[in-house]
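What the coordinates show
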Amino acid sequence: MNTLDINSIREQFPILSRKIYDKYPLVYLDNAATTQKPRLVVESMSEEYYNVNANVHRGVHFLSQQATDLHEAARERVRTFLNARSTSEIVFTRGTTESINLVATSLSRMKGIAGNPEIIVSSLEHHSNIVSWQLAGFRLCVIPMDDDGGLDMEAYRHLFTERTCLVSVTHVSNVLGVETPVSDLVRIAHEHNVPILIDGAQSAPHRTIDVQALDCDFFALSGHKMYGPTGIGVLYGKETWLDRLPPYMGGGEMIKNVSFEHTTFNALPYKFEAGTPDYIATTGLARAIDFIEGIGMDALRAHEEDLTRYAVERLSGIEGMHIYGYNPSTGQMPHGVISFQLGNIHHLDMGTLLDRLGIAVRTGHHCAEPLMHRLGIEGTCRASFALYNTRDEVDRLASAIERIKSMF
Ligand code: PLP
């Protein structure tokens, strides 16, 4: 039973009352790409710009200290959100992409990493969890999947070699909405004494994350996908791992002492935070977490799962519809995203025509080309849900698709 007052939640997102092409009320179903921002987040940031703004960590003056307090309070807010042991384990980055690049680059520089090092990834990965490793000089060993995105865990066990440096897998696929068996992935990685990174870009916005219970070594997320501002993300890393990894970028704040001959580095997490951080965005991210927790992650998740089930029910009733990651014979349901293909209508045509009716979806390969190759397709049309979406919007999507179908 859905007890959320969605109308009052929607009122906190001014953009949702926009008319598209001055005609159609916006139906925003591109949330896996980025979510809209509630007033609380935007106003907290403008308030800080107007009244507090000063560079953090460096000043003795009042404003700098206040800005630093807000920035560090945001780190503590993220710590509790992820249930990390300590704020030393919370590194601010620009997003999931930078978090993964940080680990890839630093790991490649670690002593003892030499001679054809390997990373295990899954067939479901986003390009950020593929290309970052390639650029850092790692060979990728890929966990195969079945047609519904289920990972072959037996094959996974056989991918470990003496060259395996790390496992890096998505928690939830941004294309299929499939949840990977993270606890088994973590346990098996650890049986081989290999650390594991979880790409939480598509999980952290939709479910409670407890990094201690997950026992992952690294966890990456993007603030903008969870009602927070753009340009801010998080890398959680176990202190033991962050201690061992060399720095990522050089610059101010990440150092203890610098001379032209030798530099020593700052304590965690600052060792990984070179230069002026986006301290206004960290406040925005903290307020986004307040927003989510004010509603309650369990209630949020129940609402989104209800919407997804309803959308699957409505869309699968349309003749010629194929929904990826949904299997009626096994009961497998996608989580929060519906990637679909209708007959032979090109996904780009479908997306463009939906847009003309005020419905924002995403089309293409969704930054997961290897997954597209595995599925034997070039792209899909993807509708993805957030807390503020409604069954009425799903109905509008379904009737728009029916209308487009009749045009072909
Ligand atoms: N990983 C997954 C599963 C994603 O869906 C995305 C973005 O869509 C990313 C990583 C990259 O996130 P960002 O562009 O915020 O760094």
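This one's a predicted model, so the numbers in the text were calculated from it and none came from an experiment.

**Describing the pattern of salt bridges**
- In this structure the tally under the stated criterion is 24 salt bridges.
- For Glu 191, the salt bridge goes to Arg 157, with nearest N and O atoms at 3.6 Å. Taken together, the residues Glu 191 in helix 7 (residues 182–191) and Arg 157 in helix 6 (residues 153–158) connect sequence positions 34 residues apart.
- Here Arg 157 falls in the partly exposed class, since its relative accessible area comes to 33%.

**Structural notes on unusual backbone geometry**
- Along the chain, Leu 268 connects to Pro 269 via a cis peptide bond; the corresponding omega equals 0°.
- On the secondary structure map, Pro 269 appears in the loop between strand 12 (263–265) and helix 10 (279–295).
- Phi angles above zero are rare outside glycine, and Asn 116 is one such case at about 55°.
- With respect to the secondary-structure elements, Asn 116 resides in the loop between helix 4 (96–108) and strand 5 (118–122).
- Exposure remark for Asn 116: the relative accessible area of 59% places this residue in the exposed category.

**Description of the packing of aromatic side chains**
- Counting across every chain of the model gives eight aromatic pairs.
- Relative to Phe 291, the ring of Phe 13 has its centre 5.5 Å away and its plane inclined at 75°; by these criteria the two rings are edge-to-face. Within this pair, whereas Phe 13 is found in the loop between helix 1 (6–11) and strand 1 (19–20), its partner Phe 291 is found in helix 10, the two being separated by 278 residues in sequence. Per residue, the accessibility class of Phe 13 equals that of Phe 291, and both read buried.
- When the centroid spacing of 5.4 Å and the interplanar angle of 65° are considered together, the rings of Tyr 227 and Phe 291 count as edge-to-face.

**Observations concerning the domain arrangement of the protein chain**
- Assigned domains within the protein chain: domain 1 (6–30 + 296–407) and domain 2 (42–293).
- Computed from C-alpha atoms alone, the centre-to-centre distance between domain 1 and domain 2 is 29 Å.
- Contact residues are listed per partner, giving 32 residues for domain 1 and 28 residues for domain 2.
- Here domain 1 packs against domain 2, burying approximately 2,500 Å² in sum over the two surfaces, 56% of which is carbon and sulfur.
- Its largest share of buried area at the contact with domain 2, domain 1 owes to Met 297, Leu 371 and Arg 374, together 25% of the area lost on that side.
- One salt bridge in this structure joins Asp 147 and Arg 374, with 3.0 Å as the shortest N-O distance.
- Taken together, the elements giving at least two residues each to the side of domain 1 that touches domain 2 come down to helix 11 (297–316), strand 14 (337–342) and helix 13 (369–375).
- The element that contributes the greatest number of residues to the side of domain 1 that touches domain 2 is helix 13, accounting for six residues.
- For the side of domain 1 that touches domain 2, the per-class residue count stands at 17 nonpolar, nine polar and six charged.

**Focus on the pairing of strand 6 (residues 139–143)**
- Pairing of strand 5 with strand 6 involves five bridges; the strand directions are parallel. When the bridges of strand 6 are listed, Ile 120 appears paired with Cys 141.
- In the classification by handedness, the crossover that spans strand 5, the intervening helix 5 (residues 128–135) and the parallel strand 6 is right-handed.

**Digging into the nonpolar core**
- Formed by 75 residues in total, the largest nonpolar core has its most connected members in Leu 82, Tyr 156, Ile 196, Phe 219 and Tyr 227.
- The biggest single contributor to this core is helix 10, with ten residues.
- Taken domain by domain, the makeup of this core includes at least three residues from each of domain 1 (6–30 + 296–407) and domain 2 (42–293).
- Core analysis: the next-biggest nonpolar cluster, separate from the first, contains 29 residues, Met 350, Leu 354, Phe 385 and Ala 398 among them.

**Considering the sheet that holds strand 9 (residues 218–222)**
- Taken together, the seven strands give an open sheet; going across it, the order is 4-10-9-8-7-5-6, and neighbouring strands pair in mixed fashion. With one partner strand each, in any of the chains shown, strand 4 (90–93) and strand 6 form the two edges of the open sheet. Each strand axis lies, on average, 20° off the axis of its neighbour in the sheet, ignoring direction.
- Along the sheet, helix 7 contacts strand 6, strand 7 (164–170) and strand 8 (196–199); its crossing angle with strand 8, the most-contacted strand, is approximately 160°.

**Remarks on the site of the ligand**
- Lining the immediate surroundings of the ligand are Thr 96, Thr 97, His 126, Ser 128, Thr 170, Asn 174, Asp 199, Ala 201, Gln 202, Ser 222, His 224 and Lys 225.
- His 224 places a polar side-chain atom, nitrogen or oxygen, 2.7 Å from an oxygen atom of the ligand.
- Here an oxygen atom of the ligand and a side-chain polar atom of Lys 225 are 2.6 Å apart.
- When the ligand is considered free in solution it has 390 Å² of accessible area, and contact with the protein chains removes 86% of it.

**Examining helix 7**
- Of all the residues in helix 7, the buried ones are Val 182, Leu 185, Val 186, Ile 188 and Ala 189.
- Asn 193 sits one or two residues past helix 7 and shows a positive phi near 60°.

**Quick word on the sheet that holds strand 14**
- Taken in spatial order, the four strands make up an open sheet running 13-14-17-16, and their pairing is antiparallel. The open sheet has two edge strands with one neighbour each: strand 13 (321–324) and strand 16 (362–364). On average, adjacent strands in this sheet sit at an angle of 30° to one another, irrespective of strand direction.
- In this sheet, strand 14 lies alongside strand 13 in antiparallel orientation, the contact comprising four bridges. From the neighbouring strand, Met 321 faces strand 14, where its bridge partner is Leu 342.

Basis of the calculations
- Residues numbered from 1 in each chain as written.
- Predicted model: local features only at pLDDT ≥ 70, side-chain atom pairs only at ≥ 80, totals over all residues.
- Heavy atoms only, no water.
- Salt bridge = Lys/Arg side-chain N within 4 Å of Asp/Glu carboxyl O.
- Helix = DSSP H or I, 4+ residues; strand = E, 2+ residues; numbered from the N terminus.
- Buried < 20%, exposed > 50% of the residue type's maximum accessible area, 1.4 Å probe, protein only.
- Phe/Tyr/Trp six-rings, centres within 6.5 Å; stacked < 30°, edge-to-face > 60°.
- Domains from an automatic or database assignment.
- Contact = heavy atoms within 4.5 Å.
- Buried area = accessible area lost by both parts, 1.4 Å probe.
- Nonpolar A, V, L, I, M, F, W, Y, C, P; charged D, E, K, R; others polar.
- Pairing = 2+ DSSP bridges.
- Right-handed = clockwise from strand over helix to strand, strands pointing away.
- Core = buried A, V, L, I, M, F, W, Y, C linked by side-chain atoms within 4.5 Å.
- Axes fitted to C-alpha atoms, helices over the stretch in contact; angles between N-to-C directions.
- Near = heavy atom within 4 Å.
- Polar contact = N/O pair within 3.5 Å; in protein donor to acceptor, adjacent residues only side chain to side chain.
- Areas by Shrake-Rupley, 256 points an atom, 1.4 Å probe, with all protein chains shown as cover.

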